[in-house]
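Coordinate analysis (summary)
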Amino acid sequence: QVQLVESGGGLVEAGGFLSLSCAASGSTSSIRKMGWYRQAPGNQRELVALITSAGSANYADSVKGRFTISRDSAKNTLFLQMNSLKPEDTAVYYCNFERWSGVAYWGQGTQVTVSS
């Protein structure tokens, strides 16, 4: 089992920034990829960014150039730096760890609200 706890969400004005963290505990071996997803009211959960065990990162088109995903493997922590935030970035943000077996784990989510 892997337990994931997100932190760092909050309220920010458009153009501002926030940094999200996701602390992992438990059996974190055999993790193939880690990612951030978000879900706005009435919308499906969508991928924001992911990073593989090899360190390769991918981003949704809507956040490219504004968000940066990173990890601290020694501390089992995943980060998402969000700059130039827009009101449409408002959502609950979830971190996700997926094993090579396909088993996935989710955090409880953290609210990000961007005011116009």
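Quick notes on the rules
- Residues numbered from 1 in each chain as written.
- Predicted model: local features only at pLDDT ≥ 70, side-chain atom pairs only at ≥ 80, totals over all residues.
- Heavy atoms only, no water.
- Helix = DSSP H or I, 4+ residues; strand = E, 2+ residues; numbered from the N terminus.
- Rg over C-alpha atoms; globule rule 2.2 N^0.38 Å.
- Contact = heavy atoms within 4.5 Å.
- Areas by Shrake-Rupley, 256 points an atom, 1.4 Å probe, with all protein chains shown as cover.
- Salt bridge = Lys/Arg side-chain N within 4 Å of Asp/Glu carboxyl O.
- Buried < 20%, exposed > 50% of the residue type's maximum accessible area, 1.4 Å probe, protein only.

1. A closer look at the overall build of the chain
Along its length, the chain carries zero helices and eleven strands. Ordered by position from the N terminus, the helices and strands of the chain form the series β-β-β-β-β-β-β-β-β-β-β. Taken over the C-alpha trace, the chain has a radius of gyration of 13 Å; the compact-globule value for 116 residues is 13 Å, and the two agree within 12%. For the chain, the spread of C-alpha atoms along the principal axes amounts to about 40 × 25 × 25 Å. Restricting to contacts in the chain with at least 6 residues of sequence separation, those with at least 24 account for 53%. Per element, the accessible surface of the chain, about 6,000 Å² overall, is 50% carbon and sulfur.

2. Some thoughts on the pattern of salt bridges
Summed over all chains, the structure comprises five salt bridges. A salt bridge links Glu46 to Arg38; the shortest N-O distance between them is 2.7 Å. Judged by relative accessible area, which is 36%, Glu46 ranks as partly exposed. For Arg38, the salt bridge identified is with Asp89, shortest N-O distance 2.9 Å. Taken together, the residues Arg38 in strand β4 (residues 31-39) and Asp89 in the loop between β8 (77-82) and β9 (91-99) connect sequence positions 51 residues apart. Exposure class is identical for Arg38 and Asp89. Each is buried. Salt bridges sharing partners connect three or more residues here, namely Arg38, Glu46, Arg66 and Asp89.

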